[in-house]
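# Understanding the architecture of this molecule
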Amino acid sequence: MRLSRFFLPILRDPPKDAEIASHKLMLRAGLIRQQAAGSYTLLPLGLRVLNKINAVIREEQNRAGAIELLMPTIQSADLWRESGRYDAYGKEMLRIKDRHDRDMLFGPTNEEMITEIFRSYVKSYKELPLNLYHIQWKFRDEVRPRFGVMRGREFMMKDAYSFDLDKAGAVHAYNRMFVAYLRTFERLGLKAVPMRADTGPIGGDLSHEFIILAATGESEVFCHKDFLDYTTPGIDTDFEDVAALQGIVDKWTAAYAATSEMHDETAYNAIPEASRVSARGIEVGHIFYFGTKYSAAMNATVAGPDGKDTHVHMGSYGIGPTRLIAALIEASHDDAGIIWPDAIAPFTVSLLNLKMGDTATDAACGELYAGLTKAGVDVLYDDRDERPGAKFIVNDLIGSPWQLIVGPKSLADGKVELKRRATGERESLSPAAALDKLTQTSVMPA
RNA sequence: CGGAGUGUGGCUCAGCCUGGUAGAGCACUACGUUCGGGACGUAGGGGUCGCAGGUUCAAAUCCUGCCACUCCGACCA
């Protein structure tokens, strides 16, 4: 993409509304624009990030055996009356009426709808296990939205719903998602710690929140230091292997880890002092097993091997992609701007032409741009007629992992410069060598 | 929902106390000089001062009501 043709509204001053680093940087780098309290447009650069996050989420959900579909945002109140949650949910649910005066709502979650879908088609235990998910906008009318997309009212959520014949099957479904989440956050460059969670009004008795540690996190969290060194399950993980998956989950749930709501001071103090980690965290995922809560209320049954209908055991599994954008920035930025992980960066390479109009520089940039594009590298070619300083500042702000700097001075020696955004390391090399290096390093980690 | 605060050009803000017909910096447009870490000059364009009502000869400024947004708390992916 040529920057001169892109839509990238950069702000020099952070808008006064922004409080935390990620919110300021998202506004300054032109990722989002606020439209109302807790409601944001994703500008082109922000949408690119969201799409990359969603792509990773999809790959890992699919790998774990979940099947994607897409449910609507607007739901009928009748479904929620069946489950009893129409009255129970409270003012967080945005209730609306259509022209026929029917009660509708903007979905804050989809247990009811997915249960309705399931019960209309699935009749036999032979069709299980089943895990259906979608990535869709949700609306929760938060009393106090804040921190940009970190706590918006309209936000994107990946929500998966599992259906199994019995609790044992549901636990395996739960474990699949548990491991898929570990892999997802690892690929996003985040260190996420699963913490035992309160199941709250959604019900059930098995639930974990996935928390990433960040100085500006919303809640206080406590865990054992060992978590930070655990190795994430690899790409060769067999999601069908019940025992192996249980082993992974057991390992990741053995040591102490809890948010402040679930914190047990005694258990925490039992950890050797040197191994205690007390930090702030951002919740980026939450998984639940809730048994037959909805299947019973909404009569979702399948015939078991004995021919008798039984209520299916369900679980739900959420990740907040829009919140993840903010979380990623909280976890990775510096004074100059955002530092994107390679897998998520809106552009992998920023190509800086330091002297537009200089024949040799323009030609070299043109060749590099064509070469990178041809190799499938996401490259943002800064071809604006700006001074070099302005280009460095803008490109540091938007945080492409690599900056390929091309100007007449180094080009006179047949060199260009390649800068690693995260470390500031620069190396001087020939255009061909730079192209070679970038077409190799830009491969997404799996 | 309780408490606090803010609304003036695209962004950051001054002006309000003490009413007199709207400013600065950045951004934007044109031209020129510049050009390896946010250049400079000259000339321009752009604002129903959140909305409504009131007081007044006169309201960004004073009064009343409303709306929006932010922060702290309670609540939450």
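Everything numeric in this text was worked out from a predicted model, so none of it was measured.

Cut-offs used in this document
- Residues numbered from 1 in each chain as written.
- Chains lettered and ligands numbered in written order.
- Predicted model: local features only at pLDDT ≥ 70, side-chain atom pairs only at ≥ 80, totals over all residues.
- Helix = DSSP H or I, 4+ residues; strand = E, 2+ residues; numbered from the N terminus.
- Near = placed C-beta within 6 Å.
- Nonpolar A, V, L, I, M, F, W, Y, C, P; charged D, E, K, R; others polar.
- Pairing = 2+ DSSP bridges.
- Axes fitted to C-alpha atoms, helices over the stretch in contact; angles between N-to-C directions.
- Buried ≥ 20, exposed ≤ 12 C-beta atoms within 10 Å, placed from the backbone.
- Contact = placed C-beta atoms within 7 Å.
- Parallel < 35°, antiparallel > 145°, perpendicular 65-115°, else oblique.

### Some thoughts on the environment of arginine 387
Relative to the helices and strands, arginine 387 resides in the loop between strand 20 (379–382) and helix 12 (388–398). In this structure the C-alpha to C-alpha distance between arginine 387 and lysine 355, which are 32 residues apart in sequence, comes to 7.7 Å.

### Regarding the protein's contact with RNA strand B
Surrounding RNA strand B, one finds 46 residues, the nearest of these being Lys16, Gly389, Phe392, Gly407 and Lys409. At the level of elements, strand 13 (276–291), helix 12 and helix 13 (408–411) are the ones that each hand at least two residues to the surface near RNA strand B. Looking at which element gives the most residues to the surface near RNA strand B, the answer is helix 12, with seven residues. Here the surface near RNA strand B is composed, by residue class, of 18 nonpolar, nine polar and 19 charged.

### Examining the sheet that holds strand 6 (residues 103–106)
In spatial order, the strands read 4-6-5; together these three strands make up an open sheet with antiparallel pairing. The sheet is open, and its two borders are formed by strand 4 (74–76) and strand 5 (94–97), each paired with just one other strand. Strand-to-strand twist in this sheet, taken as the mean axis angle between neighbours without regard to direction, amounts to 40°. Across four bridges, the pairing between strand 5 and strand 6 is antiparallel. In the strand pairing of strand 6, lysine 97 is matched with aspartate 103.

### Notes on unusual backbone geometry
Omega for the bond connecting leucine 128 with proline 129 falls within 30 degrees of zero, at 0°, which places this linkage in the cis form. For proline 129, the position within the fold is in the loop between helix 5 (111–121) and strand 7 (130–139). Phi at aspartate 101 takes a positive value of approximately 70°, unusual for a residue other than glycine. Within the secondary structure, aspartate 101 is located in the loop between strand 5 and strand 6. We classify aspartate 101 as exposed; it has 6 C-beta atoms within 10 Å.

### Structural notes on the sheet that holds strand 23 (residues 426–429)
Overall, mixed pairing links the five strands, which are arranged 20-19-21-22-23 in an open sheet. Of all strands in the sheet, those bounded by a partner on one side alone are strand 20 and strand 23. When strand polarity is set aside, the average angle formed by the axes of neighbouring strands in this sheet is 20°. When strand 19 (residues 349–353) meets strand 21 (residues 402–406), the two strands line up parallel, connected through five bridges. Along strand 21, the bridge assignment pairs asparagine 353 with valine 406. Packing of helix 12 onto the sheet brings it into contact with strand 19, strand 20 and strand 21, and relative to strand 19 it is tilted by some 175°.

### As for the pairing of strand 13
Where strand 10 (residues 206–213) and strand 13 come together, eight bridges link them in antiparallel fashion. For leucine 206, the partnering residue across the bridge sits in strand 13 and is tyrosine 289. Inspection of the sheet shows strand 11 (residues 219–224) paired to strand 13 by six bridges, in the antiparallel sense. Bridging across to strand 13, serine 219 finds its partner in glycine 281. In this structure, strand 13 lies alongside strand 16 (residues 313–319), joined through six bridges in antiparallel fashion. Following the sheet pairing, glycine 291 is matched in strand 16 by methionine 314.

### A few points about the packing of helix 2 (residues 44–63) against helix 10 (residues 321–331)
Between helix 2 and helix 10, the least distance of the axes is 9 Å, while the angle of their chain directions is 110°. By the criterion of interaxial angle, the relationship of helix 2 to helix 10 is roughly perpendicular. Contact residues: helix 2 offers Gly46, Val49, Leu50, Ile53, Asn54 and Ile57, while helix 10 offers Pro321, Thr322, Leu324 and Ile325. Residue classes in the contact of helix 2 with helix 10 are distributed as seven nonpolar, three polar and no charged.

Geometric descriptors of this kind do not, in isolation, establish any biological role.
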